Amino acid sequence: MAADHFPSTHATWIDAQLTIAESGARAAAAGDAGGGARAESARDALRRHVMGRYAAALGAYVSTPQLRRVGERDELVSGFFARTMSDPGFFLRWKSSGMPLRRWLMNAMAFHCRGVVRDRQREDGRTAAVDAAALAESVAGAGGEDPAAAFDRAWALALANDAYAKVQAELAERGRGDDDDVFRMHVVDGMGYAQVAVRTGRTEAECRNAVRRVAAALRAAVRDLLREEGVPESGLDAAVDEVLAIMERDGR
């Protein structure tokens, strides 16, 4: 996924792409013909990463009743990626803000929706037919689901799914795919340990240990993904707990 090697072993993946983009832009300004290509390659890798991780969350955000009148879900999301994220400074401003990436993106989508409404008003020659701010703000209790809650739920699901896919791949590589089978039977299918033991030929204690191992690996994978997105070490445990709490509330 990375556009280039990490410039520092301590850099997160996103930090790496931003560093590559900045150094490439500086090189291009100094006359290096390849600098611009390196910068755009890093920016493109970063955009694709964010699109893959956040498209569902942004779609859930604009599908709530408060924002549904702004426009069609897929058009709003694709327009957001094309207009807002094409700005080379978009992620640099996020990094300087100190804001979690998901909050930065959600706020940016709200501004995008306001812009869509303003453009529509100009085209139609109207000035007060639609309250753009009211449409684009997350107002809990205004009927239907709160846009921020919808965003967080979809974001947590996407991140947890990515983490689980990573764990499954690692288990398969180590020849421990049976642990994943036990985990899915107990956690996903809701089977008791006695049932899982009969189904798999393991003891109940072995099944419990397998579930503990996969659960610990899943938590570590969520932690790694959050770190990649710039969550500081001091906030990682709380961020992991937040993701898992959202998933637990939704019965995932």
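One can find the structure itself at the top, above this paragraph.
Residues numbered from 1 in each chain as written. Predicted model: local features only at pLDDT ≥ 70, side-chain atom pairs only at ≥ 80, totals over all residues. Heavy atoms only, no water.

K.L.:
Is there a simple way to think about the overall build of the protein in this case?
P.N.:
Along its length, the protein carries twelve helices and zero strands. Each helix and strand of the protein, placed in order from N terminus to C terminus, yields the pattern α-α-α-α-α-α-α-α-α-α-α-α. Sequence-distant contacts in the protein: of pairs separated by 6 or more residues, those separated by 24 or more amount to 57%. Surface exposure of the protein reaches about 13000 Å², of which carbon and sulfur atoms provide 52%. (Helix = DSSP H or I, 4+ residues; strand = E, 2+ residues; numbered from the N terminus. Contact = heavy atoms within 4.5 Å. Areas by Shrake-Rupley, 256 points an atom, 1.4 Å probe, with all protein chains shown as cover.)

K.L.:
Could you clarify how one ought to interpret the packing of aromatic side chains in this entry?
P.N.:
Remark: the centre distance and the inter-plane angle together describe each pair of aromatic rings, the angle taken between the planes. Counted by the stated rule, this structure contains seven aromatic pairs. Note on Phe80 and Phe90: the rings are 6.4 Å apart at their centroids and 85° apart in plane angle, and the pair reads as edge-to-face. Here Phe90 lies in helix H5 (residues 90-97) and Phe80 lies in helix H4 (residues 73-83), a separation of ten residues in the sequence. A residue is classified by how much of its surface remains accessible, and Phe80, at 0% relative accessible area, is buried. Accessibility expressed as a relative area gives 3% for Phe90, which makes it buried. Taking the centre distance of 5.9 Å and the plane angle of 45° together, the rings of Tyr164 and Phe183 count as tilted. Within this pair, whereas Tyr164 is found in helix H8 (residues 147-173), its partner Phe183 is found in helix H9 (residues 177-188), the two being separated by 19 residues in sequence. Note on accessibility: Tyr164 and Phe183 belong to one class, buried. Lying across the ring of Trp155, Arg102 places its NZ or CZ 4.0 Å from the centre. In this structure, Arg114 is placed above the aromatic ring of Phe111, and the distance from its NZ or CZ to the ring centre is 5.0 Å. (Phe/Tyr/Trp six-rings, centres within 6.5 Å; stacked < 30°, edge-to-face > 60°. Buried < 20%, exposed > 50% of the residue type's maximum accessible area, 1.4 Å probe, protein only. Lys NZ or Arg CZ within 6 Å of the ring centre and 35° of its normal.)

K.L.:
Looking at this structure, how should I read the nonpolar core?
P.N.:
Generally speaking, a soluble globular protein has its nonpolar side chains buried in company with each other. Counting 66 residues, the largest nonpolar core has Phe80, Phe91, Trp155 and Leu226 as its most contacted members. The dominant element in this core, judged by the number of residues it contributes, is H8, at twelve residues. Here Trp155 is in contact with Tyr54, Ala57, Arg102, Leu226, Glu229, Val243 and Ile246, once residues within four sequence places are set aside. (Core = buried A, V, L, I, M, F, W, Y, C linked by side-chain atoms within 4.5 Å.)

K.L.:
I'm lost on the side chain of Asp152 in this one. Help?
P.N.:
Position of Asp152 relative to the elements: it lies in helix H8. In this structure the side chain of Asp152 is engaged in a polar contact, spanning 2.8 Å, whose partner is the side chain of Arg103. Once residues lying within four places of it in the same chain are set aside, the contact partners of Asp152 are Arg102, Arg103 and Ile246. (Polar contact = N/O pair within 3.5 Å; in protein donor to acceptor, adjacent residues only side chain to side chain.)

K.L.:
When you look at the pattern of salt bridges in this model, what are you seeing that I'm missing?
P.N.:
It is possible for side chains bearing opposite charge to pair when their charged atoms get close. In the structure shown here, the tally under the stated rule is 24 salt bridges. Across the pair Asp179 and Arg202 runs a salt bridge whose closest N-O atoms are separated by 3.0 Å. Of the two residues, Asp179 sits in helix H9 while Arg202 sits in the loop between helix H10 (193-200) and helix H11 (204-228), which places them 23 residues apart along the sequence. Salt bridges sharing partners connect three or more residues here, namely Lys166, Arg223, Asp224, Arg227, Glu233 and Asp237. (Salt bridge = Lys/Arg side-chain N within 4 Å of Asp/Glu carboxyl O.)

K.L.:
Please clarify how the layout of surface pockets should be interpreted in this entry.
P.N.:
Gaps left between atoms are located by rolling a probe of water-molecule size over the structure's atoms. In this structure, the second largest pocket spans a volume of roughly 300 Å³. In terms of lining residues, the second largest pocket is bounded by 17 residues, among which Pro100, Leu101, Gly230, Val231 and Pro232 are the most central. Of all the secondary structure elements, the ones that give two or more residues to the lining of the second largest pocket are H5, helix H6 (101-124) and helix H12 (233-249). Looking at the lining of the second largest pocket, the element that brings in the most residues is H12, giving three residues. Taken together, the residues of the lining of the second largest pocket sort by class into ten nonpolar, three polar and four charged. (1 Å grid on protein atoms, 1.4 Å probe; cavity = no way out; pocket = protein on both sides within 12 Å on 5 of 7 lines; lining within 4 Å. Points joined across faces, edges and corners; volume = space filled by probe spheres on them. Nonpolar A, V, L, I, M, F, W, Y, C, P; charged D, E, K, R; others polar.)

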